[in-house]
Structures are given as structure tokens and as C-alpha cells.
Amino acid sequence: MLEKVLLVALFTFVIHFSETLTYALRSAGVRVGKLAVALSLSGIILIISRTANMVQGPLTGKIIDYAKKNADFNLVDQLRIIIGASTLGTLAAILLFPSAVFLSSRVIAHFEVAGSIPQMLRTSVSFQKIHNARYHLRSPKLSMLSRLRIGGIPKRLVILNVVVTAIYTIGVLAALLASTLTLENQTTALQSSGLINGVATILLTILIDPQIGLVTDKVLRGEKEVAALNKIFGLLMVSRLIGTLLAQLLLVPAAYWITWMASII
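Definitions and cut-offs
- Residues numbered from 1 in each chain as written.
- Predicted model: local features only at pLDDT ≥ 70, side-chain atom pairs only at ≥ 80, totals over all residues.
- Heavy atoms only, no water.
- Helix = DSSP H or I, 4+ residues; strand = E, 2+ residues; numbered from the N terminus.
- Buried < 20%, exposed > 50% of the residue type's maximum accessible area, 1.4 Å probe, protein only.
- Contact = heavy atoms within 4.5 Å.
- Expected span 1.5 Å × (residues − 1).
- Bend = angle between axes of the 7 residues up to and from the residue.
- Core = buried A, V, L, I, M, F, W, Y, C linked by side-chain atoms within 4.5 Å.
- Salt bridge = Lys/Arg side-chain N within 4 Å of Asp/Glu carboxyl O.
- pLDDT = per-residue confidence, 0-100.
- Phe/Tyr/Trp six-rings, centres within 6.5 Å; stacked < 30°, edge-to-face > 60°.
- Axes fitted to C-alpha atoms, helices over the stretch in contact; angles between N-to-C directions.
- Parallel < 35°, antiparallel > 145°, perpendicular 65-115°, else oblique.
- Polar contact = N/O pair within 3.5 Å; in protein donor to acceptor, adjacent residues only side chain to side chain.

## A short note on the overall build of the chain
Part 1: Within the chain, the secondary structure is distributed over 9 helices and 0 strands.
Part 2: Secondary structure elements of the chain occur, N-terminal to C-terminal, as α-α-α-α-α-α-α-α-α.
Part 3: By the burial criterion, 41% of the 265 residues in the chain qualify as buried.
Part 4: If you take every contact in the chain between residues at least 6 apart in sequence, the share linking residues at least 24 apart comes to 84%.

## Overview of helix H8 (residues 186–220)
Part 1: Compared with an ideal rise of 1.5 Å per residue, which puts 35 residues at 51 Å, H8 spans 50 Å between its outermost C-alpha atoms and is within 8% of the ideal.
Part 2: Of all the bends in H8, the largest measures some 35° and sits at Thr 205.
Part 3: Tucked into the core, H8 has its buried residues touching helix H1 (2–31), helix H2 (35–69), helix H7 (155–179) and helix H9 (226–264).
Part 4: Directly after H8, the chain includes Gly 222, whose backbone phi takes a positive value near 85°.

## Some thoughts on the nonpolar core
Part 1: By size, the foremost hydrophobic cluster in this structure holds 31 residues, and its most contacted members are Phe 97, Ile 208 and Leu 236.
Part 2: Those elements giving two or more residues to this core turn out to be H1, H2, helix H3 (75–114), H7, H8 and H9.
Part 3: The dominant element in this core, judged by the number of residues it contributes, is H3, at 7 residues.
Part 4: Ignoring anything within four residues of it in the chain, the contact list for Phe 97 reads Tyr 23, Ala 24, Ser 27, Phe 233 and Met 237.
Part 5: Formed by 26 residues, the second largest nonpolar core is a distinct cluster that contains Ile 63, Ile 64, Ala 67 and Ala 254.

## Re the pattern of salt bridges
Part 1: In the structure shown here, the tally under the stated rule is 1 salt bridge.
Part 2: Of the charged contacts in the structure, one is a salt bridge between Glu 19 and Arg 240, with a shortest N-O distance of 3.7 Å. Placement of the pair is Glu 19 in helix H1 and Arg 240 in helix H9, with a sequence separation of 221 residues. Comparing Glu 19 with Arg 240 shows no difference in burial state: the two are buried.

## Focus: the confidence of the model for the chain
Part 1: Averaged over all residues, the pLDDT of the chain is 81; the fraction at 70 or higher stands at 85%.
Part 2: Per-element confidence in the chain ranges from a low mean pLDDT of 52 for helix H6 (residues 143–146) to a high of 89 for H9.

## Remarks on the environment of Ala 189
Part 1: Looking at where Ala 189 falls in the secondary structure, it is placed in helix H8.
Part 2: Accessibility expressed as a relative area gives 0% for Ala 189, which makes it buried.
Part 3: Between the alpha carbons of Ala 189 and Thr 259 there is a distance of 6.3 Å; along the sequence they are 70 residues apart.
Part 4: Beyond its immediate chain neighbours, meaning those up to four positions away, Ala 189 contacts Ala 175, Ala 178, Ser 179, Ile 258 and Ala 262.

## Re the packing of aromatic side chains
Part 1: This structure, assessed with the given rule, holds 3 aromatic pairs.
Part 2: Judged by centre distance (5.4 Å) and plane angle (25°), the ring pair of Tyr 23 and Phe 233 falls under stacked. Of this pair, Tyr 23 sits in helix H1 while Phe 233 is found in helix H9, placing the two residues 210 residues apart along the sequence. One exposure class covers both Tyr 23 and Phe 233, and it is buried.
Part 3: Ring geometry for Tyr 66 against Phe 73: centres 5.1 Å apart, planes inclined by 85°, an arrangement best described as edge-to-face.
Part 4: With a relative accessible area of 33%, Tyr 66 lands in the partly exposed category.

## Some words on the packing of H1 against H9
How two helices sit against one another is set out by the angle between their axes and by the gap between those axes.
Part 1: Running from N to C, H1 and H9 point in directions that differ by 175°, and their axes come no closer than 10 Å. The orientation of H1 with respect to H9, classified from their angle, is roughly antiparallel. On H9, the residues touching His 16, Glu 19, Thr 20, Tyr 23, Arg 26, Ser 27, Val 30 and Arg 31 of H1 are Val 226, Leu 229, Asn 230, Phe 233, Leu 236, Met 237, Arg 240 and Thr 244.

## Considerations on the side chain of Ser 105
Part 1: Secondary-structure assignment places Ser 105 in helix H3.
Part 2: Overall, Ser 105 belongs to the buried group, its relative accessible area being 18%.
Part 3: Looking at Ser 105, its side chain comes within polar contact range of the main-chain oxygen of Val 101, at 3.0 Å.
Part 4: For Ser 105, the residues in contact, after removing those within four places along its chain, are Ala 28 and Val 32.

Written as C-alpha cells, this is what we have:
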């Protein structure tokens, strides 16, 4: 069963890694003045994330079924490994962010010339160009941290992103764990994951994305410098990282809360 846990952890890593790196595409799009192209390409990354999420679900369900049949199986610890993978995925994306911005700029340029994804892959993906990609790699520097002060950025935006990330990270896992804590309302507990993630998505769409959009428009109009947008992206990535850590603390309380909610619905 450990192999399945590690496989789910791998998919979780991919999900959080790819979703965090969409900030790099947005930043690159603003740098080269091709934001619409960048947003369309970020949709491809989100497809990768959703595909990994689609495969992750049944595998996680298999772990839950095994835990129900084996009382000595420590399910909480296994779920914590999966949550830990989300932290590692986010951290890896943060470390690769400078390189991802430069590489994304190249991808946007190639896409503009090719005109379509298949054509871009046909003309731009080769062993030589993959080998040359190393020249666009940039190592993260400690000086980047000094630019991540909250000043000028609404604190509620950072805090809200921490909470939303924590909820999104444990939404499904907490519901699955809750299904093992109740015999009468197992199905109700399982179905509640959609409600939890739905709330997180609504908060993200209504309260966080518009703020990013406003700053992005100001940068494109020349009212703010690109550094201001990069600062927001940096704080959002760090707050995502903190959110995955907070998810470790919320996992068990969230499962019991779902169990209670399932009993009163």
C-alpha cells in the first residue's frame, strides 16, 4: 500500500507544482506584452493539473478502502505524506520560478510564431533546443526574499490565500478521512468534498484573482513596474507554501467537522 501512497503523493506534487508555476507564465506574459497568449498557455498547465487530479482521486479512494479493512493501518500518517507532497511541489515551483519566467518568455515567443500548439511542438521541440534550455536557467537568490515585504500589498490578500490553499489542499482528503469516522453518513461525508473545494474556488475567484488582475492591468498601462507584480506573485507563492503547511494542522479537525456536518444535514 505504501507504493500507492507514494504514487498519490507524486500526483499531488505535480498538481501543486504546475498550478504554482502558472504565476511564471503570467509574469512572462506581462514582461513581453503578450498576457492573453500567456493566459491561454497557462490553461494547458491547468489541464495537466486537472488530469493528475482525476487520476489521483481513485488511487486515494483505494487507500481509504484498504484502511477500512485494516484497522492497524495508520491512515492519518499516510494522508500527511500526501499533504507533504503538496508542500514539496509548491517549494520546487518557487525555487524554479526565475527559470520558469525566462523559459515561459521563450515559449510565448515560439507560440506566437508557430500559431498553434501542435505546430509549436513540431518546430520548437528538439533535443538541441531542450539542451539549449539550460542557458535560460536562473538560480534563486536570497535577495529575492528581501523584496517580499508585505508593504504595499493588502495583508488580507496574503492571509486569504493561505486559508484558501489550506482548504483546497485538504478538501478531498478530509472528506475521505471523515468517511472512515462514521458508518451512518459515509456517502454524505464523501460528497462534501465538492462543497469544500467549491467554497475555496469561490473565494479564490472573487477575492484573490481580481486583485491580481487589477495590478496586472496597471503594470501593462505603465502605472506600476513589473517588480510590483512579481512581488505579488512571490507573496502568493510563499502564502501557498504556508497554506500547505497549515493543511497539516487542519486535516484531522476538518475531518471531524465534516463528520459532524454530515450528521446534521
